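# A look at the structure
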Amino acid sequence: MLRHAAPAFVQRSLGGCLWRLFDGALSAGEVKEVLSGVAASPYFGRNRSGHDFYHGTEGFSLVFRSAWRAQVEQQFPYFQRLFSQTLHPECNCFYLTVLFARRDGQRYHTDDFFESYGPNAPRPSDLVSVVYCTPEAIEGGELLLLNVDASSPRIHRGREPPETILAQLAPSCGRLVHFDGRLLHGVAPWRPAQNGDALAQRVSVVQLGGR
């Protein structure tokens, strides 16, 4: 279980819950616009993050403060609608990652990307928002949320105690998930749906918020 209550602004942003889900946060047309913009971006390519679960994936990342939102939207206009859904007004710094995921999923982790940007490093992001931009049908690939934090003994995906599983959320196109950044979370393995597009991708835009 989580050892401490979330900061007050996180509780307000999540309505007193640990996670919230919104279907249709982006329309099919808006998802297509995001994917087209990402594919055309000169920043798109193999992810070079030092985190092991980014090895062999594609995408890119942006780090910015709320004061620079207008400039970021000017350079990346296809993120405007996404930002309106994912940027929490009580956060003042953001770390966005576009991720074309590997098929073997991700181990349980917290997103500590602000560890180099503040005096209280390392620490998990305050809020995590995930928008799924996966237009083709896939099997698996669920987001797995656990009701424990990184101070708990290491938990391996597939061997988690049932009582720790908070949610298993499928990557439906246009779906938005907000959750408390302290929660351990991972991604289940996935594959293209049977009789579907063999080149299907699991694409998400992960927005981390902090203050």
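First, a word on what this report is: a plain description of the structure on this page. (Residues numbered from 1 in each chain as written. Predicted model: local features only at pLDDT ≥ 70, side-chain atom pairs only at ≥ 80, totals over all residues. Heavy atoms only, no water.)

This paragraph deals with the overall build of the protein chain. Of the regular secondary structure elements, the protein chain holds four helices and 13 strands. For the protein chain, the C-alpha radius of gyration of 16 Å lies close to 17 Å, the compact-globule estimate for 211 residues. The principal-axis extents of the C-alpha atoms in the protein chain amount to approximately 45 × 40 × 30 Å. Buried positions account for 49% of the 211 residues belonging to the protein chain. (Helix = DSSP H or I, 4+ residues; strand = E, 2+ residues; numbered from the N terminus. Rg over C-alpha atoms; globule rule 2.2 N^0.38 Å. Buried < 20%, exposed > 50% of the residue type's maximum accessible area, 1.4 Å probe, protein only.)

Working definition: the strands of a sheet are paired by backbone hydrogen bonds and lie parallel or antiparallel to each other. Here we have four strands laid out as an open sheet, ordered 5-11-8-9, and antiparallel in their pairing. Taken across any chain shown, the strands that pair with only one partner, and hence form the sheet edges, are strand 5 (106-109) and strand 9 (165-169). Neighbouring strand axes in the sheet, compared pairwise and without regard to direction, differ in orientation by 15° on average. (Pairing = 2+ DSSP bridges. Axes fitted to C-alpha atoms, helices over the stretch in contact; angles between N-to-C directions.)

To continue, consider the nonpolar core. Of all hydrophobic cores here, the largest spans 30 residues; its most connected members are Val-38, Phe-60, Leu-62, Phe-79, Phe-83, Leu-96 and Val-98. Secondary structure elements with two or more residues in this core: helix 1 (8-13), helix 2 (28-40), strand 3 (58-65), helix 4 (80-86), strand 4 (93-100), strand 6 (127-132) and strand 13 (203-210). For this core, the leading source of residues is strand 4, giving four residues. Core analysis: the next-biggest nonpolar cluster, separate from the first, contains 14 residues, Tyr-95, Ala-167, Val-177 and Leu-183 among them. (Core = buried A, V, L, I, M, F, W, Y, C linked by side-chain atoms within 4.5 Å.)

A word on the pairing of strand 8 (residues 143-146). Residues of strand 8 alternate between two faces, with Leu-143 and Leu-145 on one and Leu-144 and Leu-146 on the opposite face, all of them buried. Examined bridge by bridge, strand 8 and strand 11 (residues 185-187) share three bridges and lie antiparallel to one another. Its bridge partner lying in strand 11, Leu-143 is registered against Val-187.

Over its 13 residues, helix 2 runs 18 Å from end to end, which matches the ideal 18 Å to within 8%, given 1.5 Å per residue. Among the residues of helix 2, Val-31, Val-34, Gly-37 and Val-38 are the ones counted as buried. Angular distribution of buried residues about the axis of helix 2 spans 130°; they occupy a single face of the element. Across helix 2 from its buried face, at more than 90 degrees, point the exposed residues Ala-28, Lys-32, Ala-39 and Ala-40. At its buried positions, helix 2 is contacted by strand 3, strand 4, strand 6 and strand 13. (Expected span 1.5 Å × (residues − 1). Arc of directions from axis to C-beta. Contact = heavy atoms within 4.5 Å.)

Right, let's talk about the packing of aromatic side chains for a bit. Scanning all chains against the criterion turns up eleven aromatic pairs. Taken together, the ring pairs in this structure connect Tyr-43, Phe-60, Phe-64, Phe-76, Tyr-78, Phe-79, Phe-83 and Phe-94 into an aromatic cluster. Across the ring face of Phe-9, the terminal group of Arg-211 is positioned such that the distance to the ring centre comes to 4.5 Å. (Phe/Tyr/Trp six-rings, centres within 6.5 Å; stacked < 30°, edge-to-face > 60°. Lys NZ or Arg CZ within 6 Å of the ring centre and 35° of its normal.)

One side chain can pair with another of opposite charge once the charged atoms of both are near each other. Using the criterion set out here, one finds eight salt bridges in the structure. The salt bridge partner of Arg-12 is Glu-90, with a shortest N-O separation of 2.5 Å. Here Arg-12 is found in helix 1, whereas its partner Glu-90 is found in the loop between helix 4 and strand 4, with 78 residues between them in sequence. A relative accessible area of 52% places Arg-12 in the exposed class. One salt bridge connects Arg-81 with Glu-30, and the closest N-O pair in it is separated by 3.4 Å. (Salt bridge = Lys/Arg side-chain N within 4 Å of Asp/Glu carboxyl O.)

Pairing in this open sheet of seven strands is antiparallel, and the strands run 1-10-6-13-4-3-2 from one edge to the other. Bordering the open sheet on either side are strand 1 (19-22) and strand 2 (45-46), each of which pairs with just one other strand. Sheet topology note: the strand 3/strand 4 ladder contains eight bridges and is antiparallel. Pairing of Val-63 across the sheet is with Tyr-95, part of strand 4.

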